[in-house]
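Chain residues, written in single-letter form:
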Amino acid sequence: MKALTQGRYIGRDGEAALFDAGEGATIVIRIVEHDIGRVTLRRRDGYRLDRGWSISPDGIEPPYEGRPRDDLSGFACPAATVSENGDKVVLASEGLTAEVTLSPFGIAWRRAGDQEPFLRDRPTQAYLVSNRTNAVAHFMARDYEERHYGLGDKAGPLDRTGRRFAIDAVDPCGFDAELSDPLYKMLPFFIVDGARGAHGVFYDNLATGSVDLGCTLDNYHGLFRSWKGDDGDLDYYVMAGPSVPDVVRRFSWLTGGQAFAPRWSFGFGVTSMAIADAPDADARISDFVAKCRQHEIPCDSFHFGSGYTQIGNRRYAFNWNRDKFPDPAATMARLKEAGLQPVANLKPCLLDDHPRLSEALDGGFLVQDGDTGKPAVAQFWDGLGFHLDFTHPDGRAWWRDGIETALLDYGFVTVWNDNNEYEIWDEDALCHGDGRPFSQALARPVQALLMTKLSYEAQAAREPGKRQYSVTRGGCAGISRYAQTWSGDNETAWKTLRFNLTQGLNMSLSGMFSIGHDVGGFHGPTPGPELFCRFNEFCALWPRMVMNSWNDDGVVNLPWMHEAVIPQVREAIALRYRLMPYLYTQMWRASRDNQPAVRPLFYDFPDDPVARTVEDAFMLGPDLLVAPVLEEGATQRSVTLPAHPGGWYDWHSSRHFPGGSVATVEAPLGRLPVFVRSGALVPVGDPSGREDARELLVFGPEAAATGELYEDDGDTAGWRNGDGLLMTFSVKDGALSVRTEGDYYPGFDTLPIRHIGG
């Protein structure tokens, strides 16, 4: 690679400053918002890929063909000044300044009023490009005390410092939540938090690459961190913070935010490959519904594994196995009558003997081998196959017709886009690009994003006026605009609990707010009663709670799989429904205000140094601290509570603990330790999931307490336009006041109030 060490200021382009960086490269620096900067490198021959799909400022939806890389719509682009002083060039706007050193070339970013930069390039060889391989790299200076978060679904501890991660995607079934890399998503965004506050960096590049957050030490360069792209363009955004919540909100805003899913999607759900794979799958589904009633387990959705598409042992998108499902519409109707919404698993690979493969071959809308002109071959579960190209309009039309006629017409309500990591390793694989072809290596994860966008839009067209959502396993920044996602096919192991927790927190900090984990573990040995119960507790208060499994011995994870702990599993699920009004309100906030529902303790308590060290608990909204049991054999749980003037209350016993203290509570099987911030007003519902019952719990003796409750019909698309009801509560001197916004009339007539610890 060639180091770009010498820069020359060549003038302005509107509010941007342009620099000749050598090797035919031009670097453009802009301040696109008062707290967001942007740096773009254009090569001699132009961009490697002149469009992207992740950037969606102010909710401006990118088209299927992509948003032009130079498109500034949605950005404020405030007025900027440029001043020169020797080898320094300063681009300044309200709120943000970029100071450029020409020799050696590098950029330092400062917030208004700050003397020191919060982000500065490495003073030695900060930018590198390869004219042979088209690789590109960016190196930044790093301080010892800085901590790093983000990067999507990467495994391991909460703080990413000292690690190197591949920006890549595979299907790592039964992955190790501490060590495996790569996983499913490609998301080169990270947060840096240190003495100068927090900032974020996002690389709008969809090629494979790596992020190094201090793993590499090199005596010639001092401490540094880096991003490398194997191909594509250097186009990165700097979010100035200065706090972690500021960075998270801005990144979510930049990439289009989080879809607000219908209420039923936040309920408990079940799926298993083994159920749909079984010869008597339809009967097993009926048995599942009956056992939910028998064991009094509330359940809102049943997710069909891909076994409904089987011919023999192979799976074929849009094919119905009529031996297992003689009347699919009747199956859907039975589920809906029982209160369960049916969700369809769908995979984008057509096996080489797919019954409808000739249609795709004749249409030319599979990802192609650019060298041979034939479809690019990929390995899939059951053999070789070919992937649909979602950058081809005819391919999208064919796929959407399949969604409508093979899935929605039979009663499916949501598509679960699975196995969409696009592991096509053909170096000549070519995407249609809506008439402007590009190498697949430049944008593999965009296929998953467009697959999910298409399913979302097909569902929305079927039911105008209703909120929709999809599910996706793979993708890149921007998938949250359409989808809920999860940590993937986790291992049935005790350490999975601990590291799924930190994995999920980093996903949440990366703009993926509607997330969860496969309850019980997806793959490995069948979980024993204790692990299974603790998994249910652990997953009970994440936005997504779906039980999913493919165990080594074929045993299916179901709420009643271990008779000895059925009551305890029921108790964990009941807690979810009891807190559903609070959880639903937090997910509304997530979609409206780009604010994650699940977050690390330091998100809400940034001035508490101990809160930064807690990696075995999380906050659900501003009021609930969730401390799941993560150790085998444990019957108590200890956690250091954040410093809070009024202290905290144990949800189960109402016992009070001072803020900043170590709280130890009893944690028998079935009891998820939860602590409530004193001064909180927490709306709750009925543990069985009834929608006509609400109660308001007031925690603490303070003269002032606050809380809120958002209500709507559960699926209105007009939630941004007043079709719901926001109730804001406050208690002052013992008197409750309620302020309302919106026109919706809730299903309950009264709201009982109960004081705890008052």
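Residues numbered from 1 in each chain as written. Predicted model: local features only at pLDDT ≥ 70, side-chain atom pairs only at ≥ 80, totals over all residues. Heavy atoms only, no water.

**So, the pairing of strand β50 (residues 704–711)**
Counting buried residues along β50, six of its eight residues qualify, which places the element largely inside the surrounding structure. Examined bridge by bridge, β50 and strand β51 (residues 725–732) share eight bridges and lie antiparallel to one another. When the sheet's bridge partners are listed, Gly-707 is paired in β51 with Phe-729. (Buried < 20%, exposed > 50% of the residue type's maximum accessible area, 1.4 Å probe, protein only. Helix = DSSP H or I, 4+ residues; strand = E, 2+ residues; numbered from the N terminus. Pairing = 2+ DSSP bridges.)

**A word on the packing of aromatic side chains**
Inspection of the entire model under this criterion finds 47 aromatic pairs. Between Phe-304 and Phe-412, the aromatic rings sit 5.0 Å apart at their centres with planes inclined by 90°, giving edge-to-face as the arrangement. Of the two residues, Phe-304 is situated in strand β24 (residues 301–304) and Phe-412 in the loop between α6 (393–407) and β32 (414–417); the sequence distance between them amounts to 108 residues. The class for Phe-304 is buried, based on a relative accessible area of 0%. (Phe/Tyr/Trp six-rings, centres within 6.5 Å; stacked < 30°, edge-to-face > 60°.)

**Focus: the sheet that holds strand β30 (residues 378–380)**
Reading across from one edge, β28-β31-β30 is the order of the three strands in this open sheet, with antiparallel pairing throughout. With one partner strand each, in any of the chains shown, β28 (349–351) and β30 form the two edges of the open sheet. The mean angle between the axes of side-by-side strands here comes to 55°, regardless of whether they run parallel or antiparallel. As defined by bridge partners, β28 adjoins strand β31 (residues 383–387) across three bridges and the pair is classed as antiparallel. For Leu-350, the partnering residue across the bridge sits in β31 and is Phe-386. (Axes fitted to C-alpha atoms, helices over the stretch in contact; angles between N-to-C directions.)

**Focus: the packing of helix α10 (residues 566–578) against helix α11 (residues 580–593)**
The interhelical angle for the contact between α10 and α11, taken along N-to-C directions, is 55°, at an axis separation of 5 Å. Judged by the inter-axis angle, α10 sits oblique to α11. Packed against α10, whose contacting residues are Arg-576, Tyr-577 and Arg-578, the element α11 presents Met-580, Pro-581 and Leu-583 at the interface. (Parallel < 35°, antiparallel > 145°, perpendicular 65-115°, else oblique. Contact = heavy atoms within 4.5 Å.)

**What to know about the UniProt feature "domain: Glycoside hydrolase family 31 TIM barrel" (unreviewed entry) in the protein**
Mapped onto this numbering, the UniProt entry gives "domain: Glycoside hydrolase family 31 TIM barrel" (unreviewed entry) at residues 259–586. A helix fraction of 35% and a strand fraction of 17% characterise residues 259–586, whose end C-alpha atoms lie 13 Å from each other. (UniProt positions renumbered as here; feature names shortened; annotations may be inferred.)

**Examining the sheet that holds strand β52 (residues 735–741)**
Read across the open sheet, the three strands follow the order β50-β51-β52; overall the sheet is antiparallel. Each edge of the sheet is formed by a strand with only one pairing partner; in this case those strands are β50 and β52. Going from strand to strand, the sheet's axes swing by 15° on average, the running direction of each strand aside. Each of β50 and β51 is contacted by α11, which is oriented at about 80° to β50, the strand it contacts most.

**A word on a nonpolar patch on the surface**
A cluster of nonpolar side chains, Leu-736, Val-738 and Ile-753, forms an exposed patch at the surface whose accessible area comes to about 220 Å². Tracing the backbone through its elements, the reader meets Leu-736 in strand β52. Look at Leu-736 and you get partly exposed, because its relative accessible area is 34%. (Patch = residues over 30% accessible without salt bridge, like charges linked within 9 Å, V, L, I, M, F, W, Y side chains within 5 Å. Areas by Shrake-Rupley, 256 points an atom, 1.4 Å probe, with all protein chains shown as cover. Salt bridge = Lys/Arg side-chain N within 4 Å of Asp/Glu carboxyl O.)

**A word on helix α7 (residues 446–462)**
The terminal C-alpha atoms of α7, which comprises 17 residues, lie 24 Å apart, in line with the 24 Å expected from a rise of 1.5 Å per residue. Among the 17 residues that make up α7, 12 are buried, leaving the element largely enclosed by the rest of the structure. Among the residues of α7, those classed as buried are Val-446, Gln-447, Ala-448, Leu-449, Leu-450, Met-451, Thr-452, Lys-453, Leu-454, Ser-455, Ala-458 and Gln-459. (Expected span 1.5 Å × (residues − 1).)

**With respect to the UniProt feature "domain: Glycoside hydrolase family 31 N-terminal" (unreviewed entry) in the protein**
In the numbering adopted here, UniProt assigns the feature "domain: Glycoside hydrolase family 31 N-terminal" (unreviewed entry) to residues 27–212. Along residues 27–212, the helical share is 0% and the strand share 44%, with 23 Å between the first and last C-alpha atoms.

**A few points about the domain arrangement of the protein**
Under the domain assignment used here, the protein contains domain 1 (268–344 + 397–422 + 443–593) and domain 2 (603–756). Of note, the centres of domain 1 and domain 2, computed from C-alpha atoms alone, are 26 Å apart. Contacts between the two partners involve 38 residues from domain 1, matched on the other side by 49 residues from domain 2. In total, domain 1 and domain 2 occlude about 4,100 Å² of area from one another, counting both sides; carbon and sulfur atoms represent 61% of this. When residues of domain 1 are sorted by the area they lose upon contact with domain 2, Arg-467, Arg-578 and Tyr-582 head the list and together hold 20% of the total. (Domains from an automatic or database assignment. Buried area = accessible area lost by both parts, 1.4 Å probe.)

**Brief notes about the environment of Leu-449**
By the element assignment, Leu-449 lies in helix α7. Leu-449 gets classed as buried once you look at its relative accessible area, which sits at 1%. Each C-alpha atom, one on Leu-449 and one on Arg-578, is 34 Å from the other, the two residues being 129 residues apart in sequence. Once residues within four sequence positions are removed from consideration, Leu-449 is found in contact with Trp-53, Cys-476, Ala-477, Gly-478, Ile-479, Arg-481 and Tyr-482.

**Quick look at α10**
The end-to-end C-alpha distance of α10 is 18 Å, a good match for the 18 Å that 13 residues give at a rise of 1.5 Å each. Along α10, the residues that are buried comprise Ile-566, Val-569, Ala-572, Ile-573, Leu-575, Arg-576, Tyr-577 and Arg-578.

**With respect to unusual backbone geometry**
Going from Ser-103 to Pro-104, the amide bond is cis rather than trans, its omega being -10°. With an omega of 15°, the peptide bond between Gly-241 and Pro-242 qualifies as cis. If you trace the backbone, Pro-242 turns up in the loop between β22 (235–239) and α1 (244–254).

**Structural notes on the pattern of salt bridges**
By the definition in use, this model includes 67 salt bridges. Notably, a salt bridge pairs Arg-498 with Glu-631, separated by 2.5 Å at the nearest N-O pair. Here the residue Arg-498 occupies a position in helix α8 (residues 494–509), and Glu-631 occupies one in the loop between β42 (624–626) and β43 (636–640), the gap between them amounting to 133 residues. Take Arg-498: its relative accessible area is 29%, and that puts it in the partly exposed class. One salt-bridge network, held together by shared partners, links Asp-171, Lys-347, Asp-418, Glu-421, Arg-473 and Asp-489.

**Structural notes on the environment of Phe-19**
Within the secondary structure layout, Phe-19 lies in strand β3 (residues 16–22). Look at Phe-19 and you get buried, because its relative accessible area is 0%. A sequence separation of 81 residues divides Phe-19 from Val-100, and the C-alpha atoms of the two residues are 9.6 Å apart. Ignoring any residue separated from it by four or fewer positions in sequence, one finds Phe-19 in contact with Arg-8, Tyr-9, Ile-10, Ala-25, Thr-26, Ile-27, Ile-29, Val-89, Val-100, Leu-102 and Phe-105.

**Structural notes on the environment of Ile-107**
Turning to its location among the elements, Ile-107 is positioned in strand β11 (residues 105–111). Residue Ile-107 is classed as buried on the basis of its relative accessible area of 2%. A C-alpha to C-alpha distance of 38 Å links Ile-107 and Gly-488, two positions 381 residues apart in sequence.

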